[in-house]
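Working through the structure, step by step
Chain residues, written in single-letter form:
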Amino acid sequence: MAKKTVKDVDVAGKRVLVRVDFNVPLVDGRVTDDTRIRAALPTIRYLRERGCRVILMSHLGRPKDAPDPALQLDPVAMRLGQLLAAPIRKVSELCGPGVEATVAAMKPGDVLLLENSRFDPREKKNDPGLVCELARLGDLYVNDAFSAAHRAHATTAGLAAVLPAVAGFQMDKELTALDGLLAEPQRPFVVVLGGAKVTDKIRVIDRFLDLADQLLIGGAMSFTFLKASGLVVGTSKVEEEGVAVAADALKKADGSRCELLLPTDVVVADAFAEDAASRVVAVDAIPEGWMGLDIGPETAAAYAAAILKAGEVFWNGPMGVFEMAPFAGGTRTVAEAMAACPGVTVVGGGDSVAALNAFGLADKMDHVSMGGGASLEFIEGTALPGVTTLPDKEHM
Ligand code: ADP
Ligand code: MG
């Protein structure tokens, strides 16, 4: 069900409290990846153009329920100011009389960034006192932080209960893309899953075994699957508690319309290192003492062919240890096939998106989800507090 957005309410001249996700990487007090800041620009621009006073809230990192100078939002304000080409006011508190006075002095189109919401121990508790103090700052609440929507915090969920609330454009974009994927995917619907752990993603695997036409497995998790199917995988990363889980998934796949594909060849190495000796072997010939760090070229070609024929593709999780050049080939082949696929392409997951960015292919995708954990929980069918608290769009 689509959510009401900023376009469905009269925003003109209002004080608008916007929850964004500015949880960006910082090195030496500088933002090193501003993707999440850019994602919030359409909503911020829309509100400024309508004379709103825009008050932004975000968390950054994991402060221990107290102010941490290294996690203040000043570098974010600086970058946001550059991107908007407008001065951004930043205060060193989240709420209270000082912030209220600053808000009272704002003019139409002004943008104010509040301090890291997690400096306040009440944020993660969704404390009604904090919600009430924040609510005094605005007339309308906009949630544009899909990637924080799996948290029931004061700024992600609490505010929606006490102020008129709507979704921002980034939130709407994420929900539309993921809803479309789950509700009526273009077929054949191909899902590529990789990454570290089977147990992290088992509910996602389960959901896609019901929905997809083909499920292509790579990454470290494929070794847990290969072991479950009776193969010897050397020193490859196997999650022991995931073997039974993988065996169940294989059994479920047997009786379903969804075809589950495992690697047929792998790149093995004699150590977990960039300069390790490496070679390509068939999956039933992994030598003792060697570990699989990437899917092999035959597997990568088969996966690419399936992706190119897809009506819709969802990809989460790298196919190998893409952070090391010798083991990035499988992930690159999949990313390039996604880029060339005429169907709808959706990518989610922190490391998968990092890989796409490293290859310079992110803008070739139809949708790149900013929400790692949130997108997987959404796909699993878990209700996200930051989404369920927003009112549905009224039908005309
Ligand atoms: P995402 O963040 O996209 O959801 P994950 O966090 O599940 O992905 O997994 C990403 C990590 O998995 C990467 O750091 C990558 O190096 C690692 N990985 C992928 N394949 C292997 C492998 N064969 N052996 C060990 N680690 C792997
Ligand atoms: Mg990850």
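Look up a bit, the structure's there.
First things first, this report covers the structure right here in the doc. (Residues numbered from 1 in each chain as written. Chains lettered and ligands numbered in written order. Predicted model: local features only at pLDDT ≥ 70, side-chain atom pairs only at ≥ 80, totals over all residues. Heavy atoms only, no water.)

This part covers the side chain of Glu-380. Position of Glu-380 among the secondary structure elements: in helix α13 (residues 372–380). Residue Glu-380 is classed as buried on the basis of its relative accessible area, which comes to 16%. A polar side-chain atom of Glu-380 sits 3.3 Å from a polar atom in the side chain of Arg-203. Those residues within four positions of Glu-380 in sequence are excluded, and the remaining contacts are Asp-200, Arg-203, Val-204 and Arg-207. (Helix = DSSP H or I, 4+ residues; strand = E, 2+ residues; numbered from the N terminus. Buried < 20%, exposed > 50% of the residue type's maximum accessible area, 1.4 Å probe, protein only. Polar contact = N/O pair within 3.5 Å; in protein donor to acceptor, adjacent residues only side chain to side chain. Contact = heavy atoms within 4.5 Å.)

Turning our eyes to something else, we now look at the pairing of strand β1 (residues 15–19). The element β1 is largely enclosed, with a buried count of 4 among its 5 residues. Looking at chain direction, β1 and strand β4 (residues 53–57) are connected through 5 bridges and run parallel. Across the sheet, Val-18 pairs through a bridge with Leu-56, a residue of β4. Relative to strand β7 (residues 140–143), β1 is paired through 4 bridges, and the arrangement is parallel. Paired with Val-16 across the strands is Leu-140, a residue of β7. (Pairing = 2+ DSSP bridges.)

Moving on: the sheet that holds strand β16 (residues 344–347). Taken in spatial order, the 6 strands make up an open sheet running β11-β10-β9-β15-β16-β17, and their pairing is parallel. In this open sheet, the two edge strands, each paired with only one partner strand, are β11 (259–261) and β17 (367–368). In this sheet, strand β15 (residues 312–316) lies alongside strand β9 (residues 189–193) in parallel orientation, the contact comprising 5 bridges. Each residue of the ladder has a partner; that of Phe-189, found in β15, is Glu-312. Across the face of the sheet, helix α11 (residues 329–340) comes into contact with β9, β15 and β16 while running at roughly 150 degrees to β15. (Axes fitted to C-alpha atoms, helices over the stretch in contact; angles between N-to-C directions.)

In this section: unusual backbone geometry. With omega at 0 degrees, the peptide bond leading from Arg-187 into Pro-188 counts as cis. Considering the arrangement of structural elements, one finds Pro-188 in the loop between α6 (169–183) and β9. Positive phi, normally seen in glycine, also occurs at Ala-85, with a value near 50 degrees. Examined against the element boundaries, Ala-85 turns out to sit in the loop between α2 (74–84) and β5 (89–90). Its relative accessible area of 70% is what places Ala-85 among the exposed residues.

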